[in-house]
Amino acid sequence: MPEIRLRRPMSYWVVVFGISLLLVPMFPARGIQAMWGEEWLQLLRLWNGVAFGAALIIWTSRSRVTNAVLVCALGFNCVVLLSTVLCDGSLKVWWEAWLPCCTAVILAAGMGKSGSLQLLYAVFGFTFVLSGINAASMILYPGGMVDVSVYFLENRNAVFSLIFPCLGGSLLIDRIRGVAFSARSLISFVLSLAQVLLGGSATSTIALVVFSVSAFLVLVQKRSREILTSWTYVLASLVVSFLVVVLRVHHCLGFIVSGLFGKSMTLSGRDQVWDKVFSLVGGDQLIFGGGATAYSNLVVGNTQYYHAHNAYLQALFIGGLVGFALLVAMLFLYSYKQYHLRYHATSALSAVIIGGYLIVAICETMLGPSFFLMLSILAVLPVTAFANTKMN
């Protein structure tokens, strides 16, 4: 099928550029913070509020979309705010870490079906540039730019937050335009591969490999779309998380953990982190969790950890049973929607993107602006509207 070239007016790309500016607080670069210090942080906090306000204006002025997935996503972030207040936590921390998540959801809802492609272009373009800079920082500063294993964007384990919006976004644009595999997607893949190899993040490496193989299968073998649905990734992620975090099945897989990946049997100390989180969950914080600053008590030995190293446990830790229920609900609701459209190439690829995040969720936390942004875009993306331009 020939590539479908759509001529867009200049105003279209002006909107794309404007939207990309609203994404800055969602991907706060540690490298800029290291260079500009407190001035950058103050500017970022201010722009965070501006971006949220702009998202609200877009939401109120356009033919907005509201669905159950977005309601649950926004509800989760509101629960974290409520628990932060109830636990006398720092609202500044919530503003910096969780307001961008709210902005992501509201922005996707405001752009709606008609503006989802513009939003997708903005997300791809912004993360593509960041991926290039982050990869360059890994080459120039092999041990770390800001600190040990901390590069332009963040810690090496955070590269997944660029991989899926950048590479996944590019592949989605290819399908919508009727392109098999563009040079843009090839470069995005090279940048993604460079970041996981140079950074040495085992979690992101596994996620990229599974994502790449799954994307190839759903785009080439239509029959695989019946199996590789969002339900598959969600249920597999939940089961594996239970086996690893609760039952510690990895202790029986030394030949894989130590032999193949070169990790300790505690998965680089994650066992101790999980034990500590389980000891903190409960009591007055069982229902709504400990909020945005729950991590202040997450100290193992002399090391301060900032999340639970598992997305589901993190949801329980900061949002309690209510937050955990909302996370599972948003994933189930998205899976239900995606399953009914699973034979569309765009929908199948969307499931693979969410699946990539859920692989990361097992040993890290993907609960951040990158995840909420992509989930919200994919929840409103009009798959059937692109049926005449995608390649089946």
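Here the structure is a predicted model, which is why all the values come from computation and not from measurement.

Caption draft 1: Quick peek at the side chain of S230. Among the secondary structure elements, S230 is positioned in helix α10 (residues 230–246). Apart from residues lying up to four places away in sequence, S230 is in contact with Y334, S335, Q338 and A351.

Caption draft 2: Up close: the environment of G144. Note that G144 resides in the loop between α6 (99–140) and α7 (160–177). Along the backbone, G144 and R177 are 33 residues apart, and their C-alpha atoms lie at a distance of 38 Å. Beyond its immediate stretch of four places on either side in the chain, G144 contacts S149, V150 and Y151.

Caption draft 3: Representation of the pattern of salt bridges within the structure. This structure, assessed with the given rule, holds eight salt bridges. The partner of E154 in a salt bridge is R30, with the nearest N and O atoms 3.3 Å apart. Taken as a pair, E154 in the loop between α6 and α7 and R30 in helix α2 (residues 30–36) lie far apart in primary sequence, 124 residues in all. Given a relative accessible area of 25%, R30 falls into the partly exposed group. For D271, the salt bridge identified is with R248, shortest N-O distance 3.9 Å. Of this pair, D271 sits in helix α12 (residues 270–280) while R248 sits in the loop between α10 and α11 (254–260); the two residues are 23 residues apart in sequence, bridging distant segments of the chain. The two residues D271 and R248 agree in class, both being buried. One continuous salt-bridge network, built from bridges that share partners, spans E38, R45 and E96.

Caption draft 4: A look at unusual backbone geometry. With a phi angle near 65°, S149 is a residue other than glycine that sits in the positive phi range. Looking at the element boundaries, S149 is found in the loop between α6 and α7. With a relative accessible area of 17%, S149 lands in the buried category. One non-glycine residue, H309, adopts positive backbone phi at about 60°.

Caption draft 5: Expanded view of the nonpolar core. Counting 119 residues, the largest nonpolar core has F76, W98, M330, L367 and F372 as the members making the most contacts within it. In terms of residues, this core owes the most to one element, α6, which gives 20 residues. When residues no more than four places from it in sequence are discounted, the contact partners of F372 are A73, F76, N77, W98, C101, A104, V105, M330 and L367.

Caption draft 6: A look at a nonpolar patch on the surface. Judged by side-chain polarity, V239, F242, L243, V246, L247, V249 and F278 come together as a nonpolar surface patch covering roughly 570 Å² of accessible area. The element that contributes the greatest number of residues to the nonpolar patch is α10, accounting for four residues.

Caption draft 7: Structural view of the environment of S347. In this fold, S347 is placed in helix α14 (residues 345–360). Look at S347 and you get buried, because its relative accessible area is 3%. Each C-alpha atom, one on S347 and one on R225, is 9.1 Å from the other, the two residues being 122 residues apart in sequence. Setting aside residues no more than four positions away along its own chain, S347 makes contact with Q338, L341, R342 and V383.

Caption draft 8: Summary view of helix α15 (residues 369–380). Compared with the 16 Å implied by 1.5 Å per residue over 12 residues, the 17 Å span of α15 between its first and last C-alpha is a close match. Buried residues dominate α15, accounting for 12 of its 12 residues. For α15, every residue scored as buried is listed here: P369, S370, F371, F372, L373, M374, L375, S376, I377, L378, A379 and V380. Packed against the buried residues of α15 are α4 (68–86), α5 (91–97), α6, α7, α13 (311–340) and α14.

Caption draft 9: Layout of the packing of α7 against helix α8 (residues 183–199). Running from N to C, α7 and α8 point in directions that differ by 165°, and their axes come no closer than 9 Å. By the criterion of interaxial angle, the relationship of α7 to α8 is roughly antiparallel. At the point where α7 passes α8, the crossing takes the left-handed sense. Only R184, S185, S188, F189, S192, Q195 and V196 of α8 make contact with α7, whose side of the interface consists of L162, I163, C166, L167, S170, L171, I173, D174 and R177. Partitioning the contact of α7 with α8 into residue classes produces eight nonpolar, five polar and three charged.

Rules behind the numbers
Residues numbered from 1 in each chain as written. Predicted model: local features only at pLDDT ≥ 70, side-chain atom pairs only at ≥ 80, totals over all residues. Heavy atoms only, no water. Helix = DSSP H or I, 4+ residues; strand = E, 2+ residues; numbered from the N terminus. Contact = heavy atoms within 4.5 Å. Salt bridge = Lys/Arg side-chain N within 4 Å of Asp/Glu carboxyl O. Buried < 20%, exposed > 50% of the residue type's maximum accessible area, 1.4 Å probe, protein only. Core = buried A, V, L, I, M, F, W, Y, C linked by side-chain atoms within 4.5 Å. Patch = residues over 30% accessible without salt bridge, like charges linked within 9 Å, V, L, I, M, F, W, Y side chains within 5 Å. Areas by Shrake-Rupley, 256 points an atom, 1.4 Å probe, with all protein chains shown as cover. Expected span 1.5 Å × (residues − 1). Axes fitted to C-alpha atoms, helices over the stretch in contact; angles between N-to-C directions. Parallel < 35°, antiparallel > 145°, perpendicular 65-115°, else oblique. Left-handed = near helix turned anticlockwise from the far one by under 90°. Nonpolar A, V, L, I, M, F, W, Y, C, P; charged D, E, K, R; others polar.

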